[in-house]
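A look at the structure
One letter stands for each residue in the lines below.
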Amino acid sequence: MNKLHKVYNEFNTETELLNLIEKQDHQISFDTPLRPDAFELDDETKIELITKEFTSIMNILGLDLTDDSLKDTPTRVAKMYVKEIFSGLNPANKPDITLFKNKYSYNQMLVEKNIAVYSNCEHHFVPIVGKAHVAYISNGTVIGLSKLNRLVQYCSQRPQVQERLTVQIANELKEALGTEDVAIVIDANHHCVSSRGVKDTGSSTITAEYCGKFLEAGFKEEFLKHIAQ
Ligand SMILES: [Zn+2]
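Throughout what follows, the structure given in this document is the object of discussion. Throughout, a residue's number is its position along its own chain's written sequence, starting from 1. Residue-level local features of this predicted model are given only where pLDDT is at least 70; pairs of side-chain atoms are given and counted only at 80 or more, and the full residue set underlies all totals for whole chains, interfaces and linings.

1. Here's the deal with helix α4 (residues 73–85)
Numbered from the N terminus, helices here are DSSP runs of H or I no shorter than four residues, and strands are runs of E no shorter than two. To estimate the expected span of a helix, subtract one from its residue number and multiply by 1.5 Å. In a regular helix each residue adds 1.5 Å, so 13 residues correspond to 18 Å; α4 covers only 16 Å between its end C-alpha atoms and thus falls short of that length. Distance between backbone-placed C-beta atoms decides contact: two residues are in contact if it is within 7 Å. Packed against the buried residues of α4 are α3 (43–60).

Listed below in structure tokens is the structure:
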């Protein structure tokens with residue numbers, strides 16, 4: 001029996017196998033492209049190295065680093081990259097999620113809307129600013145509401161593209177809540193579109209990921225109705 005045949009036999013139907021392959025592809029392609037050695041250097045070393053590199057960039061631009069206002073900028077930028085705006089690259093910074101027993105047996109959808117999104121575009125390293133609206137249907141446990149914000153923040157604190165950010169948040173929610181029944185919509189302004197290039201300040205980009213029950217028209221419509229209010 002060849003290898004593929006063996007794998008195939010572990011699944012009852014071809015559809016089941018194809019579903020699994022599709023699910024894996026989906027998860028893999030939405031991971032942030034990181035090198036395997038991404039976390040071999042500790043944060044302090046990274047800050048030291050980025051400070052040096054940013055000093056070079058400023059010097060090349062002709063800025064006078066002996067100026068009082070500029071002299072600490074390279075360290076400030078390095079700390080901000082590692083400890084704040086790109087801290088979500090490191091899985092060690094993933095927020096601890098506390099789940100509670102759903103003792104009220106609330107089994108309708110829970111929607112948290114207008115969660116602030118501050119991310120950075122991976123093509124230009126300028127901000128993506130917007131709102132996320134998330135929903136889930138409890139499978140017996142509920143999450144502390146602020147943890148929904150923390151998961152959005154954690155995924156946002158990486159160089160991102162909005163499509164990937166949306167799916168990454170949905171995947172984190174599914175994992176944390178142990179359910180497929182999650183939905184997310186992100187509406188964001190990309191500074192690479194508004195402050196440079198085409199300089200369109202009026203447009204925003206909407207992305208969405210609906211999973212589990214939210215793929216059904218009724219649930220999806222109810223969620224969209226809540227966030228439109
Ligand atoms: Zn961009």
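2. Some words on α3
For α3, built from 18 residues, the straight-helix expectation of 26 Å at 1.5 Å per residue is met to within 8% by its first-to-last C-alpha distance of 26 Å. Backbone geometry just after α3 places G62 at a positive phi near 90°.

3. Points about the sheet that holds strand β3 (residues 127–137)
Pairing between strands requires that DSSP locate at least two bridges from one strand to the other. Read from one edge of the open sheet, 5 strands run β5-β2-β3-β6-β7, paired in mixed fashion. Only two strands of the sheet have a single partner each, and these edge strands are β5 (159–160) and β7 (205–210). In this description, a line fitted to the C-alpha atoms serves as the axis of each element, helices being fitted only across the stretch in contact, and the angle between N-to-C directions of two axes falls anywhere from 0 to 180 degrees. Sheet strands touched by helix α6 (residues 162–177): β2 (109–121), β3, β5, β6 (182–190) and β7. Its angle to β6, the strand with the most contacts, is close to 150°. On top of the sheet, helix α8 (residues 217–228) reaches β2, β3, β6 and β7; it is set at about 70° to β2, its chief contact.

4. Examining the packing of α3 against α4
Packed helices, taken two at a time, are described by their axes: the angle between them and the distance between them. Direction vectors running N to C along α3 and α4 enclose 135°, while the axes themselves pass 8 Å from each other. With respect to α4, the axis of α3 lies oblique. As α3 runs across α4, the sense of the crossing is right-handed. Of the residues in α4, those touching α3 at D43, K46, I47, I50, T51, F54, T55 and M58 are T73, P74, T75, V77, A78, K79, Y81, V82 and K83. In terms of residue class, the contact of α3 with α4 is built from 9 nonpolar, 4 polar and 4 charged. In these notes the angle categories are as follows: under 35 degrees is roughly parallel, over 145 is roughly antiparallel, 65 to 115 is roughly perpendicular, and the rest is oblique. Crossing handedness is defined as follows: a turn of the near helix away from the far one that is anticlockwise and smaller than a right angle gives a left-handed crossing, while the clockwise case is right-handed. Polar here means any residue outside two lists: the nonpolar Ala, Val, Leu, Ile, Met, Phe, Trp, Tyr, Cys and Pro, and the charged Asp, Glu, Lys and Arg; Gly therefore counts as polar.

5. Points about the pairing of β3
Here the C-beta atoms are placed from the backbone, and a residue counts as buried if at least 20 other C-beta atoms lie within 10 Å of its own, exposed if 12 or fewer do, and partly exposed otherwise. The buried fraction of β3 is high, at 8 of 11 residues. Pairing of β2 with β3 involves 10 bridges; the strand directions are antiparallel. Note on β3: the bridge partner recorded for E112 is V134. For β3 and β6, the ladder comprises 9 bridges, and the chain directions are antiparallel. The residue of β6 that forms the bridge with V134 is I184.

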